[in-house]
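Each chain, letter by letter, is given below.
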Amino acid sequence: MSSEEIRKRISKEGPNRKPGQKFTIEEDKMILQLVLSVGPKFQKIHKSFPGKTLAMVKNRYYKYLRYRWDVLGQQELRKSRDFKHLNATQDSYETLCEQQRNMSIQLTEQKEDLIQSMMSKVQQLQNARVMVEFFLNKLL
């Protein structure tokens, strides 16, 4: 094998590619189906994949399959309508994150306003108490 062929092979497969790390479409479908049925419990799921480690199956799901539920096909997606949150695209996930950040900012502002209002009321009560004590001392 020439050095050029070796370079092509390494760039094509990646420097850390080992035999047995490739996943088939059927394995991808099986991972998704198991996630739908048992949840993301990869300690249980990886046992269905001889020759694949827990890390390999978990990484396959989180790095490649998490947002690719279309791999299952339309029929399986209809069955999984109770899991619509799993079918979210990366864009909708980012939109939800942005909405959450905006809501967090609004809540922080409201919290600060409430704290200021409460501090003002406490100060007014303290002033009123001092005035009552003053008048009571004058009268007595």
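The structure presented is a predicted model; accordingly, all values stated were derived computationally and were not measured. (Residues numbered from 1 in each chain as written. Predicted model: local features only at pLDDT ≥ 70, side-chain atom pairs only at ≥ 80, totals over all residues. Heavy atoms only, no water.)

1. A few points about the overall build of the protein chain
Item 1. What the protein chain contains, in helices and strands, is six helices and zero strands.
Item 2. In the protein chain, the order of α-helices and β-strands from amino to carboxyl end is α-α-α-α-α-α.
Item 3. Taken over 140 residues, the protein chain has a buried fraction of 18%.
Item 4. For the protein chain, the proportion of contacts with a sequence separation of at least 24, taken over those separated by at least 6, is 50%. (Helix = DSSP H or I, 4+ residues; strand = E, 2+ residues; numbered from the N terminus. Buried < 20%, exposed > 50% of the residue type's maximum accessible area, 1.4 Å probe, protein only. Contact = heavy atoms within 4.5 Å.)

2. Things to note about a nonpolar patch on the surface
Item 1. Residues Val132, Leu136, Leu139 and Leu140 make up a contiguous nonpolar surface patch of about 490 Å² in total accessible area.
Item 2. Considering the arrangement of structural elements, one finds Leu136 in helix α6 (residues 90-139). (Patch = residues over 30% accessible without salt bridge, like charges linked within 9 Å, V, L, I, M, F, W, Y side chains within 5 Å. Areas by Shrake-Rupley, 256 points an atom, 1.4 Å probe, with all protein chains shown as cover. Salt bridge = Lys/Arg side-chain N within 4 Å of Asp/Glu carboxyl O.)

3. Here's the deal with the pattern of salt bridges
Item 1. For the coordinates displayed, the defined rule picks out three salt bridges.
Item 2. A salt bridge links Arg101 to Glu98, with the shortest nitrogen-to-oxygen separation between them at 2.9 Å. Of the two residues, Arg101 and Glu98 both sit in helix α6, three residues apart, roughly one turn of that helix.
Item 3. The residue Glu133 makes a salt bridge to Arg129 at a minimum N-O spacing of 3.4 Å. Pair noted here: Glu133 and Arg129 are both in helix α6, with a separation of four residues, about one helical turn.

4. A few points about the side chain of His46
Item 1. Secondary-structure assignment places His46 in the loop between α3 (42-45) and α4 (54-65).
Item 2. Of the polar contacts made by the side chain of His46, one reaches the backbone oxygen of Gln43; its length is 3.1 Å.
Item 3. Other than its neighbours up to four places away in sequence, His46 contacts Lys52, Thr53, Leu54 and Val57. (Polar contact = N/O pair within 3.5 Å; in protein donor to acceptor, adjacent residues only side chain to side chain.)

5. A word on α4
Item 1. With twelve residues, α4 should cover 16 Å at 1.5 Å per step; its first-to-last C-alpha distance of 15 Å lies within 8% of that length.
Item 2. The complete set of buried residues in α4 reads Met56, Val57, Tyr61 and Leu65. Angularly, the buried residues of α4 cover 130° about the axis, an arc narrow enough to put them on a single face.
Item 3. At its buried positions, α4 is contacted by α2 (25-38) and α3. (Expected span 1.5 Å × (residues − 1). Arc of directions from axis to C-beta.)

6. Quick notes on the packing of aromatic side chains
Item 1. On inspection of all chains with the given rule, the structure shows four aromatic pairs.
Item 2. Between the aromatic rings of Phe42 and Tyr61, the centroid separation amounts to 5.4 Å while the plane-to-plane angle is 45°, which identifies the pairing as tilted. A residue pair is termed long-range when its members are at least 10 positions apart, and Phe42 in helix α3 and Tyr61 in helix α4 qualify at 19 residues. There is no split in this pair, since Phe42 and Tyr61 are both buried.
Item 3. Their ring planes at 65° and their centres at 5.6 Å tell us that Phe134 and Phe135 sit as a pair that is edge-to-face. (Phe/Tyr/Trp six-rings, centres within 6.5 Å; stacked < 30°, edge-to-face > 60°.)

7. Re the confidence of the model for the protein chain
When pLDDT drops low, the exact placement of atoms in the prediction is not to be read closely.
Item 1. Overall, the prediction assigns the protein chain a mean pLDDT of 78, with 71% of residues at 70 or greater.
Item 2. Mean pLDDT across the elements of the protein chain bottoms out in helix α5 (residues 74-79) (55) and peaks in α3 (93).
Item 3. Confidence drops under a pLDDT of 50 for residues 12-17, and excluding neighbours within four residues, the segment shows four contacts in the predicted structure. (pLDDT = per-residue confidence, 0-100.)

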